[in-house]
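Structure assessment
Chain residues, written in single-letter form:
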Amino acid sequence: MAAFNHDLLVSTVSNRIHNVLYKYVHNFKQRQLDILTRTVILYAKHQTKIQRSILVIVCVVLIERLRKLVRLMTAERSPAPVGNSNSKMNNGNDNDKQRRGAQLDKQFFDNMKRLVRIVIPGLLTKESAMLATHTILLVVRTFLSVAVAALDGRIVSSLVRLQGREFLLGIGRWMAMAVPATLTNSLLTYLQSMLAIRFRQNLTEYVHAKYLKNNTYYSVGNLDDRIKNADQLIAVDIMKFSNSLSELYSNLAKPTLDAVVYNIQLAKSLGVESLFGIMVIIQMSMGMLRLLAPPFGQLVAQEQRLEGEFYFTHSRLIEHAEEIALYRGHDAEKRTITRRYLRLVRHVNRIFRLNVFYGMLEDFVVKYFWGAAGLVACAVPVFAERLPGAKRAAELALTANGASLGDRTRDFITNRRLLLSGSDALGRMMYSYKEIVEMAGYAERVTDLLTVLDDVSEGRFVKAKVGKAAEKASNTGGDNDDAEDLVNQRGSLVESKDDVEFIDVPIVSPNGDVLVRKLSFLVKPGRHLLIVGPNGCGKSSMFRILGGLWPIYGGTLRKPSMSQIFYIPQRPYLPIGTLRDQVIYPDCAADMQRKGVSDQDLLQILEVVQLGHIVDREGGWDSAKSWRDALSGGDKQRIAMARLFYHRPRYAIMDECTSAVSMDIERIMYTHATDLGITLLTVSHRQSLWQYHNFILQYDGQGGYVFSKLDPERRIALTDEKQRIEQELAAIRDMEKRLDDLRAQAASY
């Protein structure tokens with residue numbers, strides 16, 4: 001009995017608690033439903049005002065975004081100083097470090113403005129026509145997508161209504177729309193590829209016109225330190241920038257157009273309010289993604305720099321393969337190559353690791369979070385009709401016929417298709433942000449190349465101090481105004497008819513080493529000049545100034561035009577081409593014909609240097625080989641002399657150009673050059689060449705020099721006598737040392 005009373009008490013208490021909780025929950029639900037009903041009624045009453053307010057807010061936000069964009073594009077930025085002196089190089093580097101790589105700032109817009117003007121030269125060009133056609137196709141594809149979405153909804157609606165005829169007609173329309181849709185997609189892909197080729201062609205031709213003008217290609221690599229791998233910039237970075245720019249137009253213009261068109265359609269179907277809510281969610285998530293996005297532009301620019309260094313290391317290995325092999329330096333080169341490759345791999349791995357987290361977050365937000373928000377927005381009109389206070393609440397409570405079900409299915413499928421397409425468009429816009437930042441890295445490197453080319457062509461160089469200049473600057477605490485002034489100043493160049501004259505011209509290396517403070521001498525036609533001196537005294541530096549490779553740092557240089565001065569180095573350059581091209585370089589076959597020179601004339605020139613047999617040996621004048629490997633060192637120097645005899649300039653700079661030929665061949669070549677009226681400026685330590693010169697310029701290696709007439713026989717006699725006396729003095733010192741030893745030994749016994 002006690003147990004029964006206890007169970008009854010527990011049951012009674014439980015029922016009362018359940019009734020209280022049910023009543024409380026029911027009342028809470030009723031209150032919430034009443035609030036929701038009043039909200040719906042209030043919204044319906046002020047719907048027009050709410051929509052207008054939303055439109056005002058959207059317009060204000062868009063205006064503010066545009067204002068910020070304009071302010072970003074027009075904001076002044078302190079320019080990086082690009083000076084003539086060596087000391088300014090550090091300032092430029094500091095400025096670059098402050099900017100922290102490629103960014104979407106004013107510099108980016110300036111770079112793009114400069115590059116776009118090059119890749120699209122004008123409105124009435126092929127590139128503009130291709131862009132216009134591409135844009136029209138993008139618009140066509142967008143409206144085709146809208147039509148497909150509407151057709152998709154009608155097909156599903158007819159399926160729900162069991163209308164077989166309408167379903168089959170819809171399938172037929174679907175297949176008919178596939179023809180223009182696939183054609184449009186193929187044409188868009190084709191135009192995008194053609195745009196990339198045209199962009200690359202225009203930009204490459206523009207760079208080549210600057211890079212291969214005068215001696216800019218030499219100055220970039222030897223007089224300026226800002227670019228170490230111009231070949232990689234021209235061959236790789238320009239290609240990547242062109243591809244990125246053409247892809248970006250499609251990947252940015254198409255999603256933007258899609259988003260606008262789809263949003264207009266959705267605003268008609270779902271209402272401005274639902275669309276506004278979706279856009280708020282999207283903007284918040286996009287802001288979060290931008291905040292968490294890694295610095296892709298900076299990472300891409302750094303990756304390209306490391307790629308260039310790795311490429312340059314392999315180029316050096318190929319260029320100096322023989323010397324490295326003779327030194328057995330493969331292990332040292334392997335360490336260098338491996339070190340640079342590992343730096344590249346570590347950087348690429350870092351990018352991959354950053355992409356794991358960001359890619360996961362981006363996919364979650366774009367594919368799933370935005371998709372879920374879109375599905376909720378599609379469901380709102382369906383469930384809103386069942387809310388108390390809605391216009392069709394009573395009607396829906398009474399019946400739900402097949403037509404209304406089909407209509408709701410059609411609207412839901414169409415809206416869902418539009419929302420998914422819009423979400424995909426916004427996702428592509430988000431991916432485009434990453435592509436824009438990556439393109440900013442390519443644009444910055446290409447623009448840096450253009451900037452250096454412009455500076456170098458105008459005589460502005462940035463060169464780090466090394467060697468004696470760096471040592472002197474460190475000893476004086478960086479205060480080396482004398483050498484700095486010499487590097488900053490410029491002399492004058494006067495074109496003369498026949499003479500070569502240096503008037504107080506300093507011989508200064510680009511890194512700041514002052515070899516000769518003031519050099520003055522005069523060479524007239526027929527006065528052959530011999531230049532001697534120790535290594536590093538300024539012999540080759542003077543020739544580089546005379547040849548226009550180095551700037552004139554002061555004084556006045558009078559010389560004929562460069563077509564009348566020919567340079568023959570110790571290691572002649574052999575271009576890619578036929579045997580004929582090796583002799584007539586830098587002329588081509590058409591230039592040779594215009595000069596009235598035939599192959600028989602070239603053969604006679606080769607006979608002079610005793611190389612006539614090479615024509616038959618190598619397979620004729622039109623034979624094309626790797627002449628660098630096919631010819632010996634002596635043959636290369638003979639080809640260079642034959643090239644000199646073909647061009648017949650007024651002056652010839654001979655820089656140890658007969659070191660690999662015998663003295664007999666040397667005598668023939670020098671004698672024939674003088675017979676042709678070529679004035680010789682020779683650098684050589686071989687006494688056999690003195691007899692072909694009548695003036696001498698001798699450096700002492702301490703900044704001094706002597707310019708005087710040369711009597712070859714007298715100088716040879718004096719040199720022989722000097723060597724004989726030095727040998728005798730050395731023998732006397734040995735005899736004195738031996739005498740001292742004998743005296744010491746005698747004293748010990």
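Look a little higher up for the structure.
Residues numbered from 1 in each chain as written. Predicted model: local features only at pLDDT ≥ 70, side-chain atom pairs only at ≥ 80, totals over all residues. Heavy atoms only, no water.

**Observations regarding the environment of Lys518**
This is how it is decided: A helix here means a DSSP run of H or I that spans at least four residues, while a strand means a run of E at least two residues long, and both kinds are numbered starting from the N terminus. Relative accessible area decides the class of each residue, using a 1.4 Å probe on protein chains only: under 20% of the type maximum gives buried, over 50% gives exposed, and in between gives partly exposed. The contact criterion used is simple: two residues touch if any of their non-hydrogen atoms lie within 4.5 Å.
Take Lys518: it is sitting in strand β3 (residues 514-523). Owing to a relative accessible area of 53%, Lys518 belongs among the exposed residues under this scheme. Sequence separation between Lys518 and Asp504 is 14 residues, and the spatial gap between their C-alpha atoms is 4.4 Å. In this structure Lys518 touches Asp504, Val505, Pro506 and Tyr705, once residues within four positions along its chain are discounted.

**As for the pairing of strand β9 (residues 651-655)**
Going by this rule: The rule for pairing is simple: two strands pair if DSSP sees at least two bridges between them. We call a crossover right-handed when, viewed with both strands directed away from the observer, the connection leading from the first strand over the helix to the second proceeds clockwise.
In terms of burial, β9 is largely enclosed, as five of its five residues are buried. The alternating pattern of β9 places Tyr651, Ile653 and Asp655 on one face and Ala652 and Met654 on the opposite face, and all of these are buried. Strand direction decides the pairing type here: strand β6 (residues 565-568) and β9, joined by four bridges, are parallel. Across the sheet, the residue bridging to Tyr567 is Ile653, located in β9. Note that β9 and strand β10 (residues 679-683) share five bridges and pair parallel. Counterpart to Asp655 in the pairing with β10 is Val683. For the crossover that starts at β9, traverses helix α24 (residues 663-675) and ends in the parallel β10, the hand is right-handed.

**Description of the pairing of strand β4 (residues 529-532)**
Alternating residues of β4 divide into Leu529 and Ile531 and Leu530 and Val532, and every residue in both groups is buried. When β4 meets strand β11 (residues 695-699), the two strands line up parallel, connected through four bridges. Of the residues in β11, the one forming a bridge with Leu530 is Ile696.

**Looking at the packing of helix α4 (residues 106-119) against helix α6 (residues 164-211)**
Here is the rule we go by: Whenever a helix is involved, its axis is fitted only over the stretch in contact; in every case the axis is a line through C-alpha atoms, and angles between N-to-C directions fall within 0 to 180 degrees. For classification purposes, angles smaller than 35 degrees are called roughly parallel, those larger than 145 roughly antiparallel, those between 65 and 115 roughly perpendicular, and all remaining angles oblique. Each residue gets one label: Ala, Val, Leu, Ile, Met, Phe, Trp, Tyr, Cys and Pro are nonpolar, Asp, Glu, Lys and Arg are charged, and the others, such as Gly, are polar.
Where α4 contacts α6, the two axes come as close as 8 Å, and the packing angle between them is 100°. Viewed along their axes, α4 and α6 adopt a mutual orientation that is roughly perpendicular. Where α4 abuts α6, its residues Leu115, Ile118 and Val119 lie against Phe199, Asn202, Leu203 and Tyr206. Considering only residue class, the contact of α4 with α6 consists of six nonpolar, one polar and no charged.

**A look at the packing of helix α23 (residues 633-647) against α24**
In plain terms, the rule: Two helices that cross are described as forming a left-handed crossing if the nearer one is turned anticlockwise from the farther one by less than a right angle, and a right-handed crossing if clockwise.
It is the contact of α23 with α24, at a shortest axis distance of 11 Å, that shows an interaxial angle of 15°. With respect to α24, the axis of α23 lies roughly parallel. With respect to the hand of their crossing, α23 and α24 are arranged in left-handed fashion. Together, Arg638, Met641 and Phe645 of α23 and Ile665, Met669, His672 and Ala673 of α24 make up the contact between the two elements.

**Here we look at the sheet that holds strand β2 (residues 500-508)**
The four strands are arranged β1-β5-β2-β3 in an open sheet whose pairing can be described as mixed. The sheet is open, and its two borders are formed by β1 (492-495) and β3, each paired with just one other strand. On average, adjacent strands in this sheet sit at an angle of 20° to one another, irrespective of strand direction. Where β2 meets strand β5 (residues 556-559), three bridges bridge the pair, whose relative direction is antiparallel. Looking at the pairing, Glu501 lines up with Arg558 of β5. Packing of helix α17 (residues 539-546) onto the sheet brings it into contact with β2, β3 and β5, and relative to β2 it is tilted by some 120°.

**Considering the sheet that holds β9**
With respect to topology, six strands assemble into an open sheet ordered β6-β9-β10-β4-β11-β12, the strand pairing being mixed. The sheet terminates laterally at β6 and β12 (705-709), the two strands that pair on one side only. Averaged over all pairs of adjacent strands, the angle between strand axes in this sheet comes to 15°, irrespective of strand direction. One ladder, built from three bridges, connects β4 with β10; its direction is parallel. Opposite Ile531, over in β10, you have Val683 as the bridge partner.

**Quick look at the pattern of salt bridges**
Condition: Salt bridge, as applied in this entry: a Lys or Arg side-chain nitrogen positioned within 4 Å of an Asp or Glu carboxyl oxygen.
A full pass over the atoms with the stated rule returns 19 salt bridges. Arg650 serves as the salt-bridge partner of Asp498, at 2.6 Å between the closest nitrogen and oxygen. Linking Asp498 in the loop between β1 and β2 with Arg650 in the loop between α23 and β9, this pair joins segments that are 152 residues apart in sequence. Residue classification places Asp498 among the partly exposed residues on the basis of a relative accessible area of 33%.

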